[in-house]
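# Observations on chain architecture
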Amino acid sequence: MSTIERIQAGLEGVTFKVVPSREGMTTIEVSITDAKETIRRLRDACGFETNTFVTAVDRHPREPRYELAWQFLSYRHNDRVRVHAAVRGDAPAAPTIIDLFPGAAYSERECFDMFGIVFEGHAGLKRLLMPEDYDHFPLRKDFPHQGIEPDRLYREWDRRRRERSPIAEESES
Amino acid sequence: MGSLKHADAHSSSDAGFLATRVDELVNWGRKNSLWPMPLGLSCCGIELMAMIGPKFDISRFGAEAARFSPRQCDLMIVAGTLTWKMAEAARTIYDQMPDPKWVIAMGVCSSSGGMYDSYSVVQGVDMILPVDLYVPGCPPRPDAVIDAILKLQKKIERESPIKNLMAGTVVGEYDEGTQRFVRAPNQAVPTTSSHEVLAPGEYEKR
């Protein structure tokens, strides 16, 4: 039984579309409302028991703007599948899959950090790499590639360091 | 802001004979026993290791005693890409090194950010550190860094520590008020929040 037949059997009743991918990996496209159910079926009925990553692509200025991508690996069948779902740009939100794949928690946090996509139901959804009170999302296409205040944390640290310094106090008096 | 003075032993006439002789002795000792702090941040660190190793052998120039405690070093070699997250650590290490101390920016990443024209990378370590020598290359060959060490030795020869000590001159490029290096930051990096955000097509037009 080929990959696509196994997926078609497992996803009975879910609307999905097989899309061509450049590298030849089996890729299916679903709506964002069906994504959770699709992924649950892929895990339970098709044997994809490992989540490789959760990430997104910014198609700005096209709408729907984001293309969310989950990739899954099946050890039993030595097989991979990628699931794509379009997410609107005005209030980007997606269902979390950490109840199905706990390992996706960090991927979803990174995706939130870089694109600002809110994973609904993720309990610990906070920034992973950027400062926690940062207002921008670096991998969005309208983010300047040299960044917005990239040195802010360093400047804050530097200010505190100078405030602590006895030499600085000496020269101020 | 403190006033910055640069002393030059060879041009001033009031330097005593004793001071200049002792200066030469001190500089001779300093330049031939540079102890590097190997801040190997990425691939330049490999070339740095090759430089310290037996093939290129910087012990010929007295600089082989790499110490992994900043308290024992006087030459900081920033070898590799410095990110803004690492910047605090790099500056802390620099501050912990005892005077006199020198900095070599090894490779284009630490010199200018290199190919990482990015929000996460420091666009040149001279934004946060006073740099004495820049070594171009990606990564530079060990010979290039050895050449930088030889040039640094020439630079150390021109310093006059004892004369400055006797005259009470403040040497160095420190701003006393802020304790910061006063060289202007690299202008290519936006540091304000009012940075213009353009639509995707607009960046290509500029």
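Residues numbered from 1 in each chain as written. Chains lettered and ligands numbered in written order. Predicted model: local features only at pLDDT ≥ 70, side-chain atom pairs only at ≥ 80, totals over all residues.

### Things to note about the overall build of chain B
For chain B, the helix and strand inventory stands at 7 helices and 6 strands. Reading the secondary structure of chain B in the N-to-C direction produces α-β-α-β-α-β-α-β-α-α-β-β-α. Across the 206 residues of chain B, 34% fall into the buried class. Considering only contacts in chain B between residues 6 or more positions apart, those separated by 24 or more positions represent 80%. (Helix = DSSP H or I, 4+ residues; strand = E, 2+ residues; numbered from the N terminus. Buried ≥ 20, exposed ≤ 12 C-beta atoms within 10 Å, placed from the backbone. Contact = placed C-beta atoms within 7 Å.)

### Some details on the sheet that holds strand β2 (residues 26-30) of chain A
All names here are of chain A. The 5 strands are arranged β1-β2-β5-β4-β3 in an open sheet whose pairing can be described as mixed. Looking at the sheet topology across the chains shown, the edges are occupied by β1 (17-19) and β3 (50-58). For this sheet, the mean angle separating the axes of adjacent strands, direction not counted, is 25°. Note: β1 against β2, 3 bridges, orientation antiparallel. Considered in β2, the bridge of Val19 is made with Thr27. Here helix α1 (residues 3-10) sits on the sheet in contact with β1, β2 and β5 (79-87), set at roughly 25° to β2. (Pairing = 2+ DSSP bridges. Axes fitted to C-alpha atoms, helices over the stretch in contact; angles between N-to-C directions.)

### Some remarks on helix α1 (residues 17-31) of chain B
Residues and elements named next belong to chain B. Spanning 15 residues, α1 covers 21 Å between terminal C-alpha atoms, matching the ideal 21 Å at 1.5 Å per step. Burial in α1 covers these residues: Asp23, Asn27 and Lys31. Down the axis of α1, the buried set is contained in an arc of 45°. They therefore lie on one face. Those residues of α1 that are exposed and angled more than 90 degrees off the buried face are Phe17, Leu18, Arg21, Leu25 and Gly29. Those residues of α1 that are buried lie in contact with α5 (142-157) and α6 (161-167). (Expected span 1.5 Å × (residues − 1). Arc of directions from axis to C-beta.)

### Thoughts on the confidence of the model for chain B
All names here are of chain B. Residues with a pLDDT of 70 or more make up 74% of chain B, whose mean pLDDT is 77. Confidence drops under pLDDT 50 across residues 1-12; counting only partners more than four residues distant or on other chains, this segment forms 21 contacts. Confidence drops under pLDDT 50 across residues 180-195; counting only partners more than four residues distant or on other chains, this segment forms 26 contacts. For this predicted complex, the interface confidence reaches an ipTM of 0.73, while the overall pTM sits at 0.74. (pLDDT = per-residue confidence, 0-100.)

### Some thoughts on the sheet that holds strand β4 (residues 133-135) of chain B
Residues and elements named next belong to chain B. If you walk across this open sheet you meet the 4 strands as β1-β2-β3-β4, and the pairing is parallel. Looking at strand neighbours, the two that pair on one side only are β1 (36-40) and β4, the edges of this open sheet. The sheet shows a mean angle of 15° between the axes of neighbouring strands, taken without regard to direction. Of the strand pairs in this sheet, strand β3 (residues 102-106) and β4 are connected by 3 bridges, and their pairing is parallel. Note on β4: the bridge partner recorded for Ala105 is Tyr134.

### Re the packing of α1(B) against α5(B)
All names here are of chain B. Relative to each other, α1 and α5 sit at 160°, their axes nearing to 9 Å. Between α1 and α5, the angle falls in the class roughly antiparallel. In this structure, α1 crosses over α5, and the sense of that crossing is right-handed. In contact with Asn27, Arg30 and Lys31 of α1, α5 contributes Gln153, Ile156 and Glu157. Taken together, the residues of the contact of α1 with α5 sort by class into 1 nonpolar, 2 polar and 3 charged. (Parallel < 35°, antiparallel > 145°, perpendicular 65-115°, else oblique. Left-handed = near helix turned anticlockwise from the far one by under 90°. Nonpolar A, V, L, I, M, F, W, Y, C, P; charged D, E, K, R; others polar.)

### Section: the packing of helix α2 (residues 44-52) of chain B against α5(B)
Residue and element names in this part refer to chain B. Packing of α2 against α5 brings their axes to within 9 Å, and their N-to-C directions diverge by 70°. With respect to α5, the axis of α2 lies roughly perpendicular. In the packing of α2 onto α5, the handedness of the crossing is right-handed. From α2, Glu47, Ala50 and Met51 reach across to α5, where they touch Pro142, Val145 and Ile146. For the contact of α2 with α5, the per-class residue count stands at 5 nonpolar, no polar and 1 charged.

### A few points about the confidence of the model for chain A
Residue and element names in this part refer to chain A. Residues with a pLDDT of 70 or more make up 93% of chain A, whose mean pLDDT is 87. Per-element confidence in chain A is highest for strand β4 (residues 66-74), whose mean pLDDT is 94, and lowest for helix α5 (residues 166-172), whose mean pLDDT is 49. Throughout residues 168-173 the model reports pLDDT below 50, and contacts reaching past four residues in sequence, or to other chains, amount to 5 contacts.

### Some points on unusual backbone geometry
Along the chain, Glu63(A) connects to Pro64(A) via a cis peptide bond; the corresponding omega equals 0°. Its place among the elements puts Pro64(A) in the loop between β3 and β4. Residues Cys138(B) and Pro139(B) are joined by a peptide bond in cis, for which omega reads -10°. Here Pro139(B) is to be found in the loop between β4 and α5. A positive phi is found at Asn78(A), a non-glycine position, where the angle reads about 50°. With respect to the helices, strands and loops of the structure, Asn78(A) is situated in the loop between β4 and β5. Accessibility expressed as a C-beta count within 10 Å gives 7 for Asn78(A), which makes it exposed. Of note in this structure, Asp57(B) is not a glycine but carries a positive phi near 60°. With 14 C-beta atoms counted inside 10 Å, the residue Asp57(B) sits in the partly exposed group.

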